[in-house]
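Here's the letter readout for the chains.
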Amino acid sequence: MEELLQQWNGERIVLHFDRRTGAQIIIAIDSTRLGPGTGGTRMKSYPDLTSALYDALRLSTGMTYKFAAADFPRGGAKAVIAIPPDLDPAERPRLLRRYGELIRDLGGRFQTGPDVGTSPADMDIISEAGDPYVFCRTPERGGTGDPGPYTALGVFCGQQAVCERLDGNPSLAGKRILVQGIGSVGRPLIEQLLEAKAEVLFSDVNETVIKHYRDDMRLPFVQPDAVSKTECDILAPCALGGTINPETIPLLRCRAVAGSANNQLATAEDADRLRERDILYAPDFVINAGGAIAATSMENMGWTLDAATDRIRSIHQVLLEIFEVAARQDINTHTAAIRVAERRLSEAG
Ligand code: PHE
């Protein structure tokens, strides 16, 4: 744990232990150089506190890069609520309210929205104390709701950029795209891909979801353990992170990796491994910025939906530039994206 903290270059960590449930609330503010620390709230169980902290710290740095690469005036942060696997559902609202108070006490240095394990309905509860620093409440409560469709739009535009780089044409028509994980991003992404006449394959672990997409939507289902070795143009990881690693990379039969999950690479070196295999990688924190940009700009900065949508569409251009920088400097695309982000951060002083 000490090593973890030494490696992290961030500004502040708030740690709160909830005695009644045994939950640990971690708020990691990585950088406020470009603006208030902003990032989603992840709620799940972890094997131990160290892994929860690791997730929070790494995700918070990802948010700093996400906003910087998008040239968007917000800083990076993330919250993790590490819950026991047997959390009593009746305790959940109280825990969320307590978390809202921590946000209130930070006075705007930290702002949040949903992430893995939290929903707009949860944001409603958190905002009781945490308002106005809690985005994506339900529309009934005046929020912009689920950010998934905005994230999906950015991923869709990013996949077009990938095709433009690979084939000189951004069209996704006829492209074989494997969507791994049908959650709040995978669902709207599949809709857009089908509309664009892409050939969509999917994978998931939930029986009901599998049944719906395989039997009702008639999409080919790929078993979770076969995802890596399935031939496709684009593999789109849209579930949890770490799926691109030294075990899976040698198996891959895709031309590109471009999806919405945060921390897709197990470690930064995996970007070199992808490059050695000539697989184009769209850096996760660049291609998945749509949700955070939409929620933050519309709820916190007074942008219109049109302005937010335009900015999300510009992910296409941002990615093309990153691919160009990577090629020119003979480095992997992950490193290129970090360089672009770090240049923006250092320009900000
Ligand atoms: N959790 C999402 C992300 O990682 C979306 C999000 C972040 C939404 C911040 C609102 C605010 O980008």
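Right, let's walk through the structure included here. If you're wondering where the values come from, they're calculated on a predicted model, not measured in any experiment.

1. Considerations on the side chain of D55
At step 1: In this fold, D55 is placed in helix α2 (residues 49-69).
At step 2: Accessibility expressed as a relative area gives 14% for D55, which makes it buried.
At step 3: Within the local environment of D55, its side chain forms a polar contact with the side chain of Y46, the two groups lying 2.6 Å apart.
At step 4: Setting aside residues up to four positions removed in sequence, D55 forms contacts with R42, Y46 and N263.

2. A short note on helix α11 (residues 305-313)
At step 1: Taken together, the buried positions of α11 are occupied by A308, T309 and I312. For α11, the buried positions fall inside an angular range of 100° around the axis, keeping them on one side. Residues D306 and D310 are exposed on α11 and point more than 90 degrees away from its buried face.
At step 2: Packing partners of the buried residues in α11 comprise α5 (148-167), α10 (290-300) and α12 (315-329).

3. Regarding the pattern of salt bridges
At step 1: For the coordinates displayed, the defined rule picks out 23 salt bridges.
At step 2: Here D71 and R344 are joined by a salt bridge, their closest N and O atoms 3.7 Å apart. Pair noted here: D71 is in the loop between α2 and β4 (75-82) and R344 is in helix α13 (residues 333-347), with a separation of 273 residues, a long-range link.
At step 3: Across the pair E299 and R137 runs a salt bridge, and its minimum N-O distance is 3.6 Å. Of this pair, E299 sits in helix α10 while R137 sits in the loop between α4 (120-130) and α5, and the two are 162 residues apart along the sequence.
At step 4: Given a relative accessible area of 22%, E299 falls into the partly exposed group.

4. What to know about unusual backbone geometry
With glycine set apart, most residues show a phi of negative sign, and most peptide bonds adopt trans.
At step 1: With omega at 5°, the peptide bond leading from D131 into P132 counts as cis.
At step 2: With respect to the helices and strands, P132 occurs in the loop between α4 and α5.
At step 3: Not every positive phi belongs to a glycine, and R218 is a case in point at roughly 60°.
At step 4: Mapped onto the fold, R218 is located in the loop between α7 (207-216) and β8 (231-237).

5. Focus: the side chain of N332
At step 1: With respect to the secondary-structure elements, N332 resides in the loop between α12 and α13.
At step 2: Taking the relative accessible area as the measure of exposure, N332 reaches 4% and is therefore buried.
At step 3: At 3.0 Å, the side chain of N332 forms a polar contact with the side chain of D272.
At step 4: A distance of 3.0 Å separates a polar side-chain atom of N332 from the backbone nitrogen of H334.

6. Some details on the sheet that holds β8
At step 1: Pairing is parallel across the open sheet formed by five strands, whose spatial order is β7-β6-β8-β9-β10. Of all the strands in the sheet, the pair left with one neighbour each is β7 (199-203) and β10 (280-281).
At step 2: Across four bridges, the pairing between β8 and strand β9 (residues 253-257) is parallel. The residue bridging C232 from the neighbouring strand is C254, located in β9.

7. Overview of the environment of E231
At step 1: Here E231 shows up in strand β8.
At step 2: The partly exposed category is assigned to E231, whose relative accessible area is 46%.
At step 3: Put simply, E231 and R255 are 24 residues apart on the chain and 8.8 Å apart in space, counted from C-alpha to C-alpha.

8. So, the sheet that holds strand β1 (residues 12-18)
Each strand in a sheet pairs with its neighbour through backbone hydrogen bonds, running either in the same direction (parallel) or in the opposite one (antiparallel).
At step 1: A sheet is described by the order of its strands in space; here five strands give the open sequence β1-β2-β4-β3-β5, paired in mixed fashion. Every other strand in the sheet has two partners, leaving β1 and β5 (110-114) as the edge strands with one partner each. Each strand of the sheet is rotated relative to its neighbour by a mean of 20°, with strand direction disregarded.
At step 2: The sheet contact formed by strand β3 (residues 37-44) and β4 spans six bridges and is parallel. Residue R42 lies in a different strand from β4, and its bridge partner there is V80.
At step 3: Together, β1, β2 (23-31), β3, β4 and β5 form the strand contacts of helix α3 (residues 92-105), whose direction differs from that of β2 by roughly 30°.

9. Quick word on the packing of aromatic side chains
At step 1: Counted by the stated rule, this structure contains five aromatic pairs.
At step 2: Plain terms: the ring middles of F72 and W303 are 5.7 Å apart, the flat faces sit at 65° to each other, and that makes the pair edge-to-face. Here F72, found in the loop between α2 and β4, pairs with W303, found in the loop between α10 and α11; they are 231 residues apart in sequence, far enough to count as distant.
At step 3: With a relative accessible area of 1%, F72 lands in the buried category.
At step 4: The structure contains a cluster of three or more aromatic residues connected by ring pairs, namely F67, F72 and W303.
At step 5: The positively charged end of K44 is found above the aromatic ring belonging to Y46, 4.1 Å away from the centroid.

10. Structural notes on the packing of α5 against helix α6 (residues 186-195)
At step 1: At a minimum axis separation of 8 Å, α5 and α6 run at an interaxial angle of 45°. Overall, the two elements α5 and α6 adopt an arrangement that is oblique. Read as a crossing pair, α5 and α6 show a hand that is right-handed. Only P188, L189, Q192 and L193 of α6 make contact with α5, whose side of the interface consists of G148, P149, A152, L153, V155, F156 and Q159.
At step 2: Across the contact of α5 with α6, the residue classes tally to eight nonpolar, three polar and no charged.

Conventions and cut-offs
- Residues numbered from 1 in each chain as written.
- Predicted model: local features only at pLDDT ≥ 70, side-chain atom pairs only at ≥ 80, totals over all residues.
- Heavy atoms only, no water.
- Helix = DSSP H or I, 4+ residues; strand = E, 2+ residues; numbered from the N terminus.
- Buried < 20%, exposed > 50% of the residue type's maximum accessible area, 1.4 Å probe, protein only.
- Polar contact = N/O pair within 3.5 Å; in protein donor to acceptor, adjacent residues only side chain to side chain.
- Contact = heavy atoms within 4.5 Å.
- Arc of directions from axis to C-beta.
- Salt bridge = Lys/Arg side-chain N within 4 Å of Asp/Glu carboxyl O.
- Pairing = 2+ DSSP bridges.
- Axes fitted to C-alpha atoms, helices over the stretch in contact; angles between N-to-C directions.
- Phe/Tyr/Trp six-rings, centres within 6.5 Å; stacked < 30°, edge-to-face > 60°.
- Lys NZ or Arg CZ within 6 Å of the ring centre and 35° of its normal.
- Parallel < 35°, antiparallel > 145°, perpendicular 65-115°, else oblique.
- Left-handed = near helix turned anticlockwise from the far one by under 90°.
- Nonpolar A, V, L, I, M, F, W, Y, C, P; charged D, E, K, R; others polar.

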